[in-house]
Every structure is written in C-alpha cells, then in structure tokens.
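For reference, the chains in residue letters:
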Amino acid sequence: MSAVIIDGKQISASFKEKMRERIVELEAKYGRKPCLAVIIVGEDPASQSYVRGKIKAAAFVGMDSRLIELPATISEEELLGHIADLNADGGVDGILVQLPLPRHINSDKVIEAIVPMKDVDGFHPMNVANLWLGLESMVPCTPKGIMKLLETTGINPDGKIAVIVGRSNIVGKPVAKLLLDANATVIIAHTHTADLKKITLQADILVVAAGKIGLLKGDMVKPGAVVIDVGIGRNSEGKLAGDVDFQSVSQSAGYLTPVPGGVGPMTITMLMENTIECFINRMNAV
Ligand code: L34
C-alpha cells in the first residue's frame, strides 16, 4: 500500500487565493490593507528562507509588509526598542519575530514584549492562556495549518488516537490542545518517552515535530495512519527533509505530508490568516 500525499503547497495556494479576494473587500471596507511586520535577527539561511516566504506570501495575498533585518550582534534592549515602535505604530497589525534568536537574547522576554493584539504567532502568554482556556485567542500558525490540512483532506480527529512526537511551545503543545478540542484522544511523546515505537504504533493520527531528521520509520506507523511531518532540515545529502523517513513511512501510512511542500507552506498561509484576523480585531477596536 502507498500513502496518499497531502499537498500542502496546493492547499495553501487555494487558501491564499481566497484571502486575496477577502483583502480587496477589507480594503474597501476599512480604507487600508492589513500590514505585517517581520523582524529577523542575524543571517541564518533557513530563517532567511522562511522569512522571504512570509514576505512573498504577504505580497501575493495583497497585504502590506515590513521587513526589519537586524544584525546578530544587536542588544536585547535595542530589539525591544524596535518592538515598542511597532507596538505603537497604528499602521502595523501584526508583529512576528522570527525564531530562534541569538543566545544572548531572551526570547521569552521578546515574545512578551509584543502587544497581544498584534501577536500573529500566538506565542504571547496571554494568547497561550486563552487558547488553553478555550477563549478567543490567536492560534499559532503551524498547529493551525496542521488542523486545516486534516480538515481539507476530510480527516476528522473525533474519537481517534492522536500521537504527537515533540512538546515544544510552538508546535507540540498547541497542536495537542487543538486535537483535544477536535475530540481526539491525545498522547504527547518526547525525548524521554521509553518505547517510542510502542506509542507511535497506536496512532490513527501522528504528528511528528521532534526536530530529528528521519526519526519516524515505516515500522513505527500503524497501517493506514495519517502522518503529519513538521520537521524540516537537511539530510546527509544536503537535501531538505523532515522528521519522517518518507521512503519507508509512505509504504505503511494512509496519508502523509511531504517535506518540502507539506506543513511549511501552511504555516506561512496561516500567518496571513492571523494577520487578517489581527487587522479586523484592531479595526473593530477603534
Ligand atoms: N516566530 N518563528 C516564529 N514563527 C514561526 O512560525 C516560525 N516558524 C518555524 C521557525 N521559526 C519561527 C516558521 O515560520 C518554522 N517555520 C517555517 C516556515 C516556513 C517553512 C518552514 C518552516 C517553509 O516555507 N518550508 C518550505 C521549504 C522552504 C525552503 O525551501 O527552505 C516547505 O515546503 O516546507
């Protein structure tokens, strides 16, 4: 058997098409377009590539964007100054600081400095608390994108066993909450999980966000399971690859997201959606 490949690039293109029309309507209604500000610190090639993707997507859907490129040597204080300026700028609806940040900068402090109303990543403690309480909140882009991929593919998590490998604040924890809200029975596995294979074999839906290229092999997947690969890195041949060993897992899984072209494009597309949401919230607040 061979898995159905979930085409994140195509699904994200159709979402962006709809957003493009939506933004024309929003501009007519409110007199301006949504505006996303992205801060990148340093010159990590992967981060630069993701940020370029974000700016490109903003242009595609017809929103304004600002790219703020800062040197890796910038002080925390100076970075916080840039955030304060963007917080105060009425023309900016969304603020994103690309992670990871250089070691001398405390990312928790940076995340907390972003005013929750412009927190398009949904990383601010206020948004995290609201998400876990089931109150209105900004939902982090990658988890939101994963849920949209499932929905678009016609996969309903209700009553299913969902296993998440990885417990990060950006992916593992929030996607666990979203799957729980969708009535899945959720298991979170991580680096200290004793027998990972035993756990992953139980999954009807498997979300792998471990940050270890090729971690999940075909014999760790129940036949027919839905496998979502959140990992992204370079393999020994220098090619982009995920946390899922595509070759072997595509033999046993029922559905599988590729890397590239799976979760990554959806992350960017959900960022566009969150920026529109912040824009509307702000327009209705004044
Ligand atoms: N603040 N930092 C903040 N917000 C985020 O949501 C992110 N993330 C993660 C890293 N740091 C962040 C991203 O934007 C990961 N991430 C991300 C975004 C886009 C892509 C991958 C990761 C992406 O576009 N991936 C393409 C391949 C891109 C390439 O060629 O390098 C794909 O098809 O998977």
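Residues numbered from 1 in each chain as written. Predicted model: local features only at pLDDT ≥ 70, side-chain atom pairs only at ≥ 80, totals over all residues. Heavy atoms only, no water.

(A) Structural context of the environment of Ile-6. Its location among the elements puts Ile-6 in the loop between strand S1 (4-5) and helix H1 (8-30). Taking the C-alpha atoms as reference points, Ile-6 and Glu-277, separated by 271 residues in sequence, lie 26 Å from one another. When sequence neighbours within four positions are dropped, the list of residues in contact with Ile-6 reads Ile-11, Leu-149, Thr-153, Ile-228, Tyr-255, Leu-256, Thr-257, Pro-258 and Gly-261. (Helix = DSSP H or I, 4+ residues; strand = E, 2+ residues; numbered from the N terminus. Contact = heavy atoms within 4.5 Å.)

(B) Quick look at the pattern of salt bridges. For the structure on display, the rule yields eleven salt bridges. With a closest N to O distance of 3.7 Å, Lys-144 and Glu-273 form a salt bridge. Placement of the pair is Lys-144 in helix H6 (residues 141-153) and Glu-273 in helix H10 (residues 263-285), with a sequence separation of 129 residues. The exposure class assigned to Lys-144 is buried, which follows from its relative accessible area of 12%. Take Glu-273: its relative accessible area is 21%, and that puts it in the partly exposed class. A salt bridge links Asp-219 to Lys-197, with the shortest nitrogen-to-oxygen separation between them at 3.5 Å. With Asp-219 in the loop between strand S7 (205-208) and strand S8 (226-229) and Lys-197 in helix H8 (residues 196-200), this pair connects stretches of sequence that are 22 residues apart. Residues joined by salt bridges that share partners form a network here, namely Lys-144, Lys-148, Glu-273 and Glu-277. (Salt bridge = Lys/Arg side-chain N within 4 Å of Asp/Glu carboxyl O. Buried < 20%, exposed > 50% of the residue type's maximum accessible area, 1.4 Å probe, protein only.)

(C) Representation of H1. Here H1 contains 23 residues, and its C-alpha end-to-end distance of 31 Å stays within 8% of the 33 Å for a straight helix at 1.5 Å per residue. Within H1 the residues assigned to the buried category are Gly-8, Ile-11, Ser-12, Phe-15, Lys-16, Met-19, Ile-23 and Leu-26. The inward-facing, buried residues of H1 abut helix H2 (45-61), H6 and H10. Between the side-chain oxygen at the start of H1 and the backbone nitrogen of Lys-9 there is a gap of 3.2 Å, and the oxygen is on Asp-7. Of the residues flanking the end of H1, it is Gly-31, one or two places downstream, whose phi is positive at about 85°. (Expected span 1.5 Å × (residues − 1). Polar contact = N/O pair within 3.5 Å; in protein donor to acceptor, adjacent residues only side chain to side chain.)

(D) Examining the state of the cysteines more closely. Following the criterion strictly, the structure yields zero disulfides and no others. Of all cysteine sulfurs, the one in Cys-278 lies closest to Cys-141, which takes part in no disulfide; the gap is 9.6 Å. Take Cys-141: its relative accessible area is 4%, and that puts it in the buried class. (Disulfide = S-S within 2.5 Å.)

(E) A look at the site of the ligand. Inspection of the region around the ligand gives 17 residues, with Lys-54, Val-97, Leu-99, Asp-121 and Gly-261 positioned closest. Within the side chain of Asp-121, an N or O atom sits 2.6 Å from a nitrogen atom of the ligand. Gly-261 has a polar backbone atom sitting 2.7 Å from an oxygen atom of the ligand. For the ligand, whose free accessible area comes to 680 Å², the fraction covered by protein is 80%. Looking at the shell around the ligand, the elements with two or more residues in it are H2, strand S4 (94-97) and H10. (Near = heavy atom within 4 Å. Areas by Shrake-Rupley, 256 points an atom, 1.4 Å probe, with all protein chains shown as cover.)

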